[in-house]
Structures are given as C-alpha cells and as structure tokens.
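The residues making up each chain are set out below.
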Amino acid sequence: MRTLKFLLQKEFRQILRDPGILAIIFIMPSIQLLVLPWAADYEIKNLKLAVVDHDHSDYSRQLIGKVTASGYFILTDYTGSYENALHRIEHDRADIILEIPASFEKNLVKEDEAKLFLAVNAINGVKAGLGSAYLRSIIQDFNGEVRLQWIQFPRFSPETNIEVVSSNWFNPLMNYKVFMVPGILVLLLTM
Amino acid sequence: MKAETTHIGGSDSKASFTGFGIKQFFSFVRKEFYHIYRDKRTMFILLGMPIAQIVIFGFALTNEVKNSDIAVFDQSKDAATSSLIAEFDASRYFEVREYISSYGQIERAFKKGEIKLAVVLPLHFNEDLQHFNKAQVQLIADASDPNVASTLTNYATAIIMDYQQRITNDRKLPYTITTEMKMLYNPELKGAYNFVPGVMAMVLLLVCTMMTAITIVKEKEMGTMEVMLVSPMKPLMIVIAKAVPYTILSAINIASILLLSVFVLGVPIKGSLGLLAFESILFTLVSLSLGLLISSRAESQQIAMFISLVALFLPTVMLSGFMFPVENMPWPLRLISNVVPAKWYYTIVRSVMIKGTGLATIWKETLILTGMMLFFLTIAIKSFKIRLA
C-alpha cells in the first residue's frame, strides 16, 4: 500500500509540474464543451431560397411573404429566369429554387388547380429532404388559407380528411444541443 | 543511411556550393521514403485510412432513415386502421415493432430506446372517417435527435396522406396547389454525395499535415537534424525533400478514395478529372506547408501531433461544412470557418465532382487556397531554424 502511495504521488507531481498537460486536462475540455455544441448543430434553417416568379401576382407575393416569414428561409434571389436561379445553385448561393409559373393565380382561382415547381440542391440529402419538406408544408398552409378565402367549409367536411397531429417528445423545442452535449461528453472523456 | 546521404552530398563539390544538386535532392527523397517504408505500421495506416473512412462513413454513419422501429397504439382496431398500419409496415422507412395497448407503454418503449416513432390511432377511427369525413392520427416522435424526428414525421405524414388520397379515389379538393419537386445532383438523397468530398479533405489533411509535422520534429528529437543541417543541402531543399513522399502518398490516397466512391458507393465524378486532380494537389500543398509550419515551431512529436489534432483536425471536421451546416453557426464560428483550408477545398470538390462545374465557378476558392499555401509556406520557411538550440 505504501508503495502505491508513493507511485501515486509521483504521478500527480509529474502532471502538476507540467502546465501544458494541466491545460490540456482542464481548459481544453471546458472550451470544447462550450464551443462544440454551437458548431455541432445539424438543425436545418437559414436555407437560401431563390424565387423565380413568372406570375407577379398578388398570390405569388403572398406566398413568398409567407415563406420568408417562416424563419427557415432567406430570400437570396428573386429573378425572372430559371437559368439564373440554377446558376445561383451552382455557385452555392442558393439551396432551393421555388418557381412560380405564369398565371399561377389565374389557374388557382379559375381552374381549381395550380402548380409550383421546386428544385433542391440535394448534395446534402438530409438538408434537401428537410428543407423541401418545410417548404411544402408552408405551401400547404398557404393553400389552406386560399381555400378558406373562397369556400366556407361546412361543419362536417364534405371530403374525407385525415388530420395528422405530431408531437416531439423528450426535446419539444427540437434543440440540437440536447442531442449533441451527451455525445461530446463521451468524446471528451475518451480523449 | 544518413551518413551515406551526406557523403553523396559532399562528393559532388559543385553541388555542395549551390545545394541544388538534383542527385543529392533525390537521395534525400529516397531517405524519406525509407523512413516511411521501414515503419510498416504507419504506412499501412496511411494507406488504409481512406478505405476505412469510406467504409465507416458509407455504411455506418449515414443519416438516411430506413427501417426505423415504430410502435402502433391502435385503439379502434377496425378495417381502416389495419390497412393504414399495413401501409406503414410495407414502407421501407418503417418497421412496426410493437403493438401497444396503453399510453403508458408508449413512454416505456421510448425510454427503452426500442422505437423512434409512435403512431396513435384513436377510438372509432373508421366510423369517424365514414360518417364525419374526418379522423385524427397522432404521431409521437423521439425528438432527442431532432432531424431524425422531423424526417420520420414527414415520411409518416406522407404515408397517411397517400392513404387518404387512395380512399378518396384521388378526388381533388377545389383550389389545390400541387408541388412538383426535383432533387438536383443527388436524386436518391444518398449520404455519400455529401461525405466523399469531406473524407477527401480530411484524409489529405491528416496524411499531409500531421505526418509532415511529425517527421521534422522526429529528426530533431532523434538528433539527426544536426547531421542534415551540416550537410551541403540547403534547408529549403531538406524541407522540400521531406514533402515529396507525402505528396505521392496523398496522390495514391486520392486515387483510392475516388475509385472507392465511384465503384463501391456509386458516386460519379461529373466534372473534369484533371481539374479535380489539380485542385487536390493544390490542397495537398496547403496541408504540407501547414505541416511544415507546425513542425518548425513544435519542439516534440507529442506537441506537433497535439497541435495538428486540435488546431487542424477538429476545425476541419466541425467547420468545413461537411458534417455540420456552417450557415447555422453563430457568427464567430462562421468567421473562423473562413480560415479553415478544408472548407474551401470541400466546396471545390463538391462543385467539380458532384455538380460537374468548371473553373469558372471555383476560381475564388482556388485563389484563396493558393494564397493560403504561399502564406503558410513563407512563414514556415522563415521560421525554419538552421541552428538547433
């Protein structure tokens, strides 16, 4: 037991004597734990959106306003040609193109149906999948609002409709730090 | 070996004045190759690393969601719910793992980590659907990994919407906006398209920077640096001779990564191979000069290794944009990411290899890398000490 005590003493002295090792042991992990969660963020937001608007109607403006107000998208480009927007994607200055065809509003009101076109830079598959899903759900919402302007739904809806309610347990605000901090702790202890 | 090289250097009197003899230079390069070749284990690691990384990233570290376990809490157990559940089971994204019978069990299943998503179908589902034309489905996702949670919720919603479309016989509601979507460059949303460029940057940086950083310090520690410094070779030539074998090693590594990505992972090279090779060599040179800079400052192998790990490897993984999206980070980190060489190289490889664009789109990144190389190389050579302490 006595020998063990001396050996321990020796090891502690060796560590305490060297300020470099002390810094590595104490300062580095705390800095990493403070910095890494900010960097290690998979959350998809601030997607760069290029809008190609051939319609220039009231509805197209409302839709663009709704998309940019969501907070997930930043409108980086508003042009009249798809080529231009594609060029933006090639230069990494846009992630998603939303193309609004000519007479979008007219078709929606008169023909009961209008089309929108999305082109997504899918090199990062997760980003592309989530980003396009966000955009589609915003478009869905917009669609619902438009519908409400034109028709009054009866109390019992005439069309079959399944309503999906989703909830996120254990991390209701979808904060990525909750997910990353345990991982970083594991990493730091191993190192 | 060292004695022999100095001897060769000394025998050619003309070269000894200039220090630029080609023969002497190649003897030094040969010496460096011996160093690498003799240490079989290191050589194996250096050549095997890209293969290991491709395999790890390709097959283990995918964010793609498939066959996620779900639990179903079916309270009404009627025709509609059972066909909806069958729909879930048939999709390649979900695997119904459990049928549960109370709300409490949902939480228990989540806590045991058995399931990622729970689908709750309320009582009288079919009745509500038939009589009131309206029914509810609740999806509960384990959001401790937020992106997986939203992806699963999206897929599940899509399945339910498909089902609804089918039972309404594709009757369209009035005033419907349909969205057509096109996934550019990577229509199957494969993870490989994103990480192959990242792995290339990481491997090059590890091989070039860390190994060059260590090798000069190793000479210092072993005391052989003195012998080299008194040899007729100019310090610059000594340094360049050290860099040559690692450049060749990185070229082999790039080739093996590209072959693996094309033939194993199915990621094509869309742009020009020559441009890709040129940019890779440029990045190799940046990493080498960084390694030389570290080695001329560091005193021991341990410190050289530590600096290259903390100051280079970590920022490369975190800030180059291949693991984590840089645009979401707070501005100090975004600012720092601009001085990480791998970020620029990663952008270049993505553009050339996957988007298939030419020099016109990446001239800015190329200029930045060239500038970085010149900057690091100048400092490295300036701070290369001819005298040892």
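Located above this text is the structure these notes cover.
Right, let's walk through the structure included here. (Residues numbered from 1 in each chain as written. Chains lettered and ligands numbered in written order. Predicted model: local features only at pLDDT ≥ 70, side-chain atom pairs only at ≥ 80, totals over all residues. Heavy atoms only, no water.)

This brings us to the overall build of chain B. Along the backbone of chain B there are 16 helices and five strands. In terms of C-alpha radius of gyration, chain B reaches 29 Å, well past the compact-globule figure of 21 Å for 389 residues. For chain B, the proportion of its 389 residues judged to be buried stands at 52%. Contacts in chain B between residues far apart in sequence, at least 24 positions, make up 78% of those at least 6 positions apart. (Helix = DSSP H or I, 4+ residues; strand = E, 2+ residues; numbered from the N terminus. Rg over C-alpha atoms; globule rule 2.2 N^0.38 Å. Buried < 20%, exposed > 50% of the residue type's maximum accessible area, 1.4 Å probe, protein only. Contact = heavy atoms within 4.5 Å.)

Glancing now at the pairing of strand β4 (residues 113-121) of chain A. Of the pairings in the sheet, the one linking strand β3 (residues 96-100) of chain A to β4 of chain A comprises four bridges and is antiparallel in character. Considered in β4 of chain A, the bridge of Glu 99 of chain A is made with Phe 117 of chain A. (Pairing = 2+ DSSP bridges.)

The interface of chain A with chain B comprises 73 residues on the first partner and 76 residues on the second. Each partner contributes to the roughly 7,100 Å² buried at the junction of chain A and chain B, and carbon and sulfur atoms together form 60% of this total. Applying the counting rule to chain A against chain B returns three salt bridges. In this structure, Glu 180 of chain B engages Lys 115 of chain A in a salt bridge whose closest nitrogen and oxygen atoms are separated by 3.9 Å. Contributions of two or more residues to the side of chain A that touches chain B are made by α2 (19-39), α4 (82-90), α5 (104-111), β4, α6 (125-150), β5 (161-169) and α7 (176-190) of chain A. (Buried area = accessible area lost by both parts, 1.4 Å probe. Salt bridge = Lys/Arg side-chain N within 4 Å of Asp/Glu carboxyl O.)

On to the side chain of Ser 280 of chain B. Residues and elements named next belong to chain B. By the secondary structure assignment, Ser 280 is in helix α12 (residues 273-297). Looking at Ser 280, its side chain comes within polar contact range of the side chain of Tyr 345, at 2.8 Å. With sequence-adjacent residues up to four places away left out, Ser 280 is seen in contact with Met 200, Leu 204, Ile 254 and Tyr 345. (Polar contact = N/O pair within 3.5 Å; in protein donor to acceptor, adjacent residues only side chain to side chain.)

A pair of packed helices can be characterised by two numbers: the angle between their axes and the separation between those axes. Residues and elements named next belong to chain B. Between helix α9 (residues 192-222) and helix α13 (residues 301-319), whose axes approach to 9 Å, the crossing angle comes to 165°. The orientation of α9 with respect to α13, classified from their angle, is roughly antiparallel. The hand of the α9/α13 crossing is right-handed. Where α9 abuts α13, its residues Met 202, Leu 205, Leu 206, Thr 209, Met 210, Ala 213, Ile 214, Val 217, Lys 218 and Glu 221 lie against Gln 301, Ala 304, Met 305, Ser 308, Leu 309, Leu 312, Phe 313, Thr 316 and Val 317. (Axes fitted to C-alpha atoms, helices over the stretch in contact; angles between N-to-C directions. Parallel < 35°, antiparallel > 145°, perpendicular 65-115°, else oblique. Left-handed = near helix turned anticlockwise from the far one by under 90°.)

In this model, the second largest pocket occupies a volume close to 850 Å³. Forming the walls of the second largest pocket are 31 residues, and the residues nearest its centre are Lys 48, His 91 and Asp 92 of chain A together with Lys 343 and Thr 347 of chain B. Its residues assigned to classes, the lining of the second largest pocket comprises 10 nonpolar, nine polar and 12 charged. (1 Å grid on protein atoms, 1.4 Å probe; cavity = no way out; pocket = protein on both sides within 12 Å on 5 of 7 lines; lining within 4 Å. Points joined across faces, edges and corners; volume = space filled by probe spheres on them. Nonpolar A, V, L, I, M, F, W, Y, C, P; charged D, E, K, R; others polar.)

With that out of the way, let us pick up the nonpolar core. Core analysis: the largest hydrophobic core is formed by 103 residues, its most contacted members being Val 196, Met 200, Met 353 and Leu 369 of chain B. Of the residues forming this core, the biggest block, 20 residues, is contributed by α9 of chain B. For Met 200 of chain B, the residues in contact, after removing those within four places along its chain, are Ile 254, Ile 257, Leu 258, Ser 280, Tyr 345, Val 349 and Met 353 of chain B. One finds Val 120, Tyr 134, Ile 139 and Val 146 of chain A within the second-largest nonpolar core, a separate group that totals 30 residues. (Core = buried A, V, L, I, M, F, W, Y, C linked by side-chain atoms within 4.5 Å.)

In this section: the pattern of salt bridges. Residues and elements named next belong to chain B. Following the criterion strictly, the structure yields 15 salt bridges over all chains and no others. For Arg 166, the salt bridge is made with Glu 87, and the minimal N-O distance between the two is 2.3 Å. With Arg 166 in helix α8 (residues 146-167) and Glu 87 in helix α5 (residues 79-90), this residue pair connects regions lying 79 residues apart in the sequence. For Glu 87, a relative accessible area of 22% gives the class partly exposed. Several salt bridges share partner residues, and in doing so they unite Lys 31, Glu 32, Glu 219 and Lys 242 into one network.

One pass over the full model with this rule turns up 12 aromatic pairs over all chains. A centroid spacing of 6.3 Å and a plane angle of 85° characterise the contact between Trp 169 of chain A and Phe 170 of chain A, whose relative ring orientation is edge-to-face. A residue is classified by how much of its surface remains accessible, and Trp 169 of chain A, at 24% relative accessible area, is partly exposed. On the accessibility criterion, Phe 170 of chain A (39% relative accessible area) is partly exposed. Lying over the aromatic face of Phe 6 of chain A, Lys 5 of chain A brings its terminal NZ or CZ to 5.6 Å of the ring centre. Just above the ring of Trp 344 of chain B sits the side chain of Lys 343 of chain B; from NZ or CZ to the centre is 4.9 Å. (Phe/Tyr/Trp six-rings, centres within 6.5 Å; stacked < 30°, edge-to-face > 60°. Lys NZ or Arg CZ within 6 Å of the ring centre and 35° of its normal.)

Attention shifts here to the sheet that holds β3 of chain A. Judged by pairing direction, the sheet is mixed, and its five strands sit side by side in the order β2(A)-β1(A)-β3(A)-β4(A)-β5(B) without closing on themselves. Each of the sheet's edge strands pairs with one partner strand only, and the pair in question is β2 (73-79) of chain A together with β5 (176-184) of chain B. Shown here is a sheet whose adjacent strand axes are inclined to one another by a mean of 25°, direction ignored.

Taken by themselves, the reported measurements are silent on function.
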